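Fold and geometry: a report
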Amino acid sequence: MAASIFPSLVPMTIFFIIVFLALCLIPQPAQSITRHYEFNITMQNVTRLCHTKSIVTVNGNFPGPRIVTREGDRLLIKVINHVPNNITIHWHGVRQLRNGWADGPAYITQCPIQTGQTYVYNYTIIGQRGTLWWHAHISWLRSTLYGPLIILPKKNVSYPFVKPYKEVPIIFGEWFNADPETIISQALQTGGGPNVSDAYTINGLPGLLYNCSAKDTFKLKVNPGKTYLLRMINAALNDELFFSIANHTLRVVEADALYVKPFETETVLITPGQTTNVLLKTKSEYPGATFLMTARPYVTGQGTFDNSTVAGILEYESPTLHLTKSMKKLPLFKPILPPLNDTSFATNFSKRLRSLASSKFPAKVPQNVDKRFFFTVGLGTNPCDKNQTCQGPNGTKFAASINNVSFVQPTTALLQSHFFGQSKGVYSPYFPVNPLNWFNYTGNPPNNTMVNNDTKVLVLLFNTSVELIMQDTSILGAESHPLHLHGFNFFVVGQGFGNFDSNKDPANFNLIDPVERNTIGVPSGGWIAIRFLADNPGVWFMHCHLEVHTSWGLKMAWLVLDGKLPNQKLLPPPSDLPQC
């Protein structure tokens, strides 16, 4: 009987083996993993411009460590504060779905991590891939506390552009010989503008155009005929920057971790908070030359600014030249950057950015709008304290506001007070949806430049589709303002100069393939129109990414209420959430 059974089992066994092997060969869905990082916040002596000072760092590094993860991965980042300053870390551009507790802005979503305390930022990367970054989000500590956050696509998922030979982070920053915390503290006390930085940096290095900095120059060594992906981040405190590489063209493929329709340019404009990925195709043969890569500010305001240029070197690996002495004899080419105040270039560059809007990467622009808001953004003044002489306009203190409300930072976190129903006395839910007083926003400014000071949030029902017009004002001078919205990406559906016209301008909105971002520059003397879907419950900060304007109050918060379903509600806070 046994002999009659086995012959029938053998073909069946072979069949199962074949099926098993076939299944093994089919690409399986990439498994998400948990990645652990430890950020020790410590003081470190660092020398730049022949000036040594002690700065706040992560793990003693400046800039800070690179975080590399994949879409779908979970990150557990343990932050241990060993310095006298209070600390928080913001993961700029990460949507933090239902999890504002990991977002990081001090007194908005969390109380700071105090000296000797520890907090674990616990979040999952959902539906995002590309270049983002992390930075301190309290006072001016992000001047030295910042680093790249690189989100690779899921395994076996390719880029929608040619695979690069290498990927290189390019982080722009600012170096202050003085302590930035002292600079902003004195400015807020005197009411005047803060001192500007002493240098710009690329990956923490000022470069050979500054005194005493030839050895502190970033060098990008490349091979001929290769494609490099430059992951550019503007971590500077107060300056939008032009960037170019001599005799090379850059191909823009991504902005704020979202793919865009590729286009070529000689120069990139990048505001504080923004990221831009570009492809650099090197020359097909060894050129017998080296090339400067430089960045300098795009300036629209009337105040003082750091009018200097940071430089790195693009250096081709030579098949024959290996001696440093020989390399020094090569001709050095310099790029030509736009004029400092080239708003025409800035406008045209911004308009060239379009969403990929493909079947794989659709542009989900809200076609219908539930709520429309109009925000004025700009500078203003506060009265000088009694018995004090102030250095602001006409003896006042500089201030900044949205709809004439200059945000007063609370002493406890907004998200915490909202979640526990303890908002009374912490914030008001009545942020103005329009300016309280109309005036010719881009014409002659009103005589009264005083702002109101308050802590207000704008409340939205879950899944509300929002259209927001942000209008620059000429109060104390028109100026570009890079606005960053936490917790969301938004679509830039329109922009223009002068005052926004609600009767004419919407007809020209792009609702097909507008660029999707988390940070956008409101044009100097103009307006920007964005749309987003309020599908992320919590309290979400929106502020100017020029740190001086944030310090003066150009910030507010959106409170998105819970939806009805369990997966539409804010998650409870972690047990180690810092307390105020």
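What you see is a predicted model, and the numbers here were worked out from it, not measured in a lab. (Residues numbered from 1 in each chain as written. Predicted model: local features only at pLDDT ≥ 70, side-chain atom pairs only at ≥ 80, totals over all residues. Heavy atoms only, no water.)

It is worth spelling out the state of the cysteines at this point. The term disulfide refers to a covalent linkage connecting the sulfur atoms of a pair of cysteines. By the definition in use, this model includes three disulfides. With its sulfur 2.1 Å from that of its partner, Cys384 forms a disulfide with Cys390. On the S-S bond that ties Cys384 to Cys390, the torsion sits near 80°, and the link is right-handed. The exposure class of Cys390 is buried, given its relative accessible area of 8%. By sequence-ordered numbering of the bonded cysteines, the protein has its disulfides arranged as 1-3, 2-6, 4-5. (Disulfide = S-S within 2.5 Å. Buried < 20%, exposed > 50% of the residue type's maximum accessible area, 1.4 Å probe, protein only.)

Bringing the pattern of salt bridges into the picture now. Opposite charge on two side chains allows them to pair when their charged atoms are near. Taken as a whole, this structure holds 15 salt bridges when the rule is applied. With a closest N to O distance of 3.2 Å, Glu71 and Arg129 form a salt bridge. On the criterion of sequence distance, the pair formed by Glu71 in the loop between strand 3 (67–70) and strand 4 (74–81) and Arg129 in the loop between strand 6 (118–124) and strand 7 (130–136) is long-range, its members being 58 residues apart. A salt bridge links Arg531 to Glu467; the shortest N-O distance between them is 2.8 Å. You can see Arg531 sitting in strand 31 (residues 526–534) and its partner Glu467 sitting in strand 26 (residues 464–472), a full 64 residues away along the chain. Judged by relative accessible area, which is 5%, Arg531 ranks as buried. One network of salt bridges, with partners in common, ties together Lys219, Lys221 and Glu315. (Salt bridge = Lys/Arg side-chain N within 4 Å of Asp/Glu carboxyl O. Helix = DSSP H or I, 4+ residues; strand = E, 2+ residues; numbered from the N terminus.)

Right, let's talk about the packing of aromatic side chains for a bit. Here the structure, examined in full by the defined rule, presents 37 aromatic pairs. Here the aromatic rings of Phe375 and Trp558 are separated by 5.7 Å at their centres, their planes lie at 25°, and the arrangement is stacked. Here Trp558 lies in strand 33 (residues 555–560) and Phe375 lies in strand 21 (residues 371–382), a separation of 183 residues in the sequence. Neither residue differs from the other here; Phe375 and Trp558 are each classed as buried. Centroid distance Phe439 to Tyr441: 4.8 Å. Interplanar angle 70°. Geometry classified as edge-to-face. This pair shows no difference in class: Phe439 is buried, exactly as Tyr441 is. What links up through ring pairs into an aromatic cluster is the set Phe373, Phe375, Phe431, Phe488, Phe532, Trp540 and Trp558. Over the ring of Trp175 we find Lys53; its NZ or CZ atom is 4.7 Å from the centre of that ring. A cation over an aromatic ring shows up here: Lys226 above the ring of Tyr165, its NZ or CZ 4.7 Å from the ring centre. (Phe/Tyr/Trp six-rings, centres within 6.5 Å; stacked < 30°, edge-to-face > 60°. Lys NZ or Arg CZ within 6 Å of the ring centre and 35° of its normal.)

A separate point is the UniProt feature "domain: Plastocyanin-like" (unreviewed entry) in the protein. The sites that UniProt annotates as "domain: Plastocyanin-like" (unreviewed entry) are residues 41–155, 167–318 and 432–562. Segment residues 41–155 splits into 0% helix and 46% strand. End C-alpha atoms: 32 Å apart. For residues 167–318, helix accounts for 7% and strand for 47%, while the C-alpha atoms at its two ends are 20 Å apart. (UniProt positions renumbered as here; feature names shortened; annotations may be inferred.)

Let us look at the sheet that holds strand 15 (residues 258–265). Spatially, the six strands line up as an open sheet ordered 10-9-12-17-14-15, and their pairing is mixed. At either end of the open sheet lies a strand with only one pairing partner, and these are strand 10 (199–202) and strand 15. Each strand of the sheet is rotated relative to its neighbour by a mean of 25°, with strand direction disregarded. With respect to the sheet, helix 4 (residues 343–352) is in contact with strand 14 (250–255) and strand 15, its orientation differing from that of strand 15 by roughly 130°. (Pairing = 2+ DSSP bridges. Axes fitted to C-alpha atoms, helices over the stretch in contact; angles between N-to-C directions. Contact = heavy atoms within 4.5 Å.)

Time to look at the confidence of the model for the protein. Per-residue pLDDT for the protein averages 94, and the proportion of residues at 70 or more is 93%. Here residues 1–29 is modelled with pLDDT under 50, and outside its nearest four sequence neighbours on either side it reaches one contact, counting other chains as well. (pLDDT = per-residue confidence, 0-100.)

Glancing now at the environment of Leu258. Mapped onto the secondary structure, Leu258 falls in strand 15. C-alpha separation for the pair Leu258 and Gly130, spaced 128 residues apart in sequence, amounts to 6.6 Å. Setting aside residues no more than four positions away along its own chain, Leu258 makes contact with Val253, Asn489, Glu516 and Arg517.

Bringing the side chain of Arg48 into the picture now. Structurally, Arg48 can be placed in strand 1 (residues 34–48). Here Arg48 is in contact with Phe62, Trp175, Asn177, Gly204, Leu205, Pro206 and Asp216, once residues within four sequence places are set aside.

Geometrically, the link from Phe62 to Pro63 is a cis peptide bond, its omega value of -5° lying close to zero. Turning to its location among the elements, Pro63 is positioned in the loop between strand 2 (51–58) and strand 3. Of note, Ala257 is a non-glycine position whose phi angle comes to about 65°, a positive value. Inspection of the secondary structure puts Ala257 in the loop between strand 14 and strand 15. The exposure class of Ala257 is buried, given its relative accessible area of 4%.

In this section: the nonpolar core. Ranked by internal contacts, the top residues of the largest apolar core, which has 93 residues, are Leu230, Phe375, Met470, Phe532 and Trp558. With five residues, strand 9 (residues 166–175) is the single largest residue contributor to this core. Sequence-distant contacts of Leu230, that is, excluding residues within four places in its chain, are made with Val168, Ile170, Leu220, Ile245, Thr276, Asn277, Val278 and Leu280. Ile67, Val79, Ile113 and Phe541 belong to the second-largest nonpolar core, a separate cluster that totals 44 residues. (Core = buried A, V, L, I, M, F, W, Y, C linked by side-chain atoms within 4.5 Å.)

All right, on to the pairing of strand 28 (residues 490–497) then. Among the eight residues of strand 28, seven are classified as buried, and the element is accordingly described as predominantly covered. Bridge count between strand 28 and strand 29 (residues 516–517): two bridges; the pairing is antiparallel. Directly across from Phe490, in strand 29, lies its bridge partner Arg517. Bridge analysis of strand 28 against strand 31 gives six bridges, and the strand direction is antiparallel. Following the sheet pairing, Val492 is matched in strand 31 by Ile530.

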